[in-house]
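Descriptive analysis of the structure
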Amino acid sequence: MPKTTSAEKSAAAETARQPAKTAKKAAPKAPAKKVAEVYLQFGENEWNMAQILEQAKAAYVAEGHRVSAIKSLSLYVKPEEKKAYYVVNEKATGSIDL
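The structure reproduced in this document is the subject of the present report. (Residues numbered from 1 in each chain as written. Predicted model: local features only at pLDDT ≥ 70, side-chain atom pairs only at ≥ 80, totals over all residues. Heavy atoms only, no water.)

Re the environment of Ala-58
Quick reminder of the rule: Strands are runs of DSSP state E lasting at least 2 residues, helices are runs of H or I lasting at least 4, and numbering of each runs from the N terminus. Exposed residues in this analysis have more than 50% of their type's maximum accessible area, buried residues have under 20%, and partly exposed residues fall in between, with area computed by a 1.4 Å probe over protein chains only.
Mapped onto the fold, Ala-58 is located in helix H2 (residues 49-62). Residue class for Ala-58 comes out partly exposed when judged on its relative accessible area of 45%. The spatial distance from the C-alpha of Ala-58 to the C-alpha of Ile-96 is 9.9 Å, given a sequence separation of 38 residues.

Here is the structure:
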């Protein structure tokens, strides 16, 4: 059995005291998949609700606001009026034509 020097013993003891390092990297997130699409049908008309939501955001931004300022957005669709009304952050209001 070969003899170990005190330096080798110290190095082995130091290695044993250090926590094992893992080289784990977070896996890149896959793009969100569409789970469902919602359409509103009224009479002979049909509207995609996701598109209406995006139009409401665009109208809010066109008023001089930033998209990043949107914390909440409520959308009220009135197909009989062919309008959608929105409320952003429980303060700003507006409407868009369908």
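Thoughts on the sheet that holds strand S4 (residues 83-88)
Heads up, the rule is: Between any two strands, pairing holds if DSSP finds at least two bridges. Axes here mean lines fitted to C-alpha atoms, for a helix over just the part in contact, with angles spanning 0 to 180 degrees between N-to-C directions.
Ordered by their spatial adjacency, three strands build an open sheet running S3-S4-S5, and the pairing between neighbours is antiparallel. At either end of the open sheet lies a strand with only one pairing partner, and these are strand S3 (73-78) and strand S5 (92-97). When strand polarity is set aside, the average angle formed by the axes of neighbouring strands in this sheet is 20°. In this structure, S3 lies alongside S4, joined through six bridges in antiparallel fashion. Residue pairing for S4: Leu-75 is matched across the bridge by Tyr-86.

It is worth stressing that arrangement in space is one thing and function is another; only the former is reported here.
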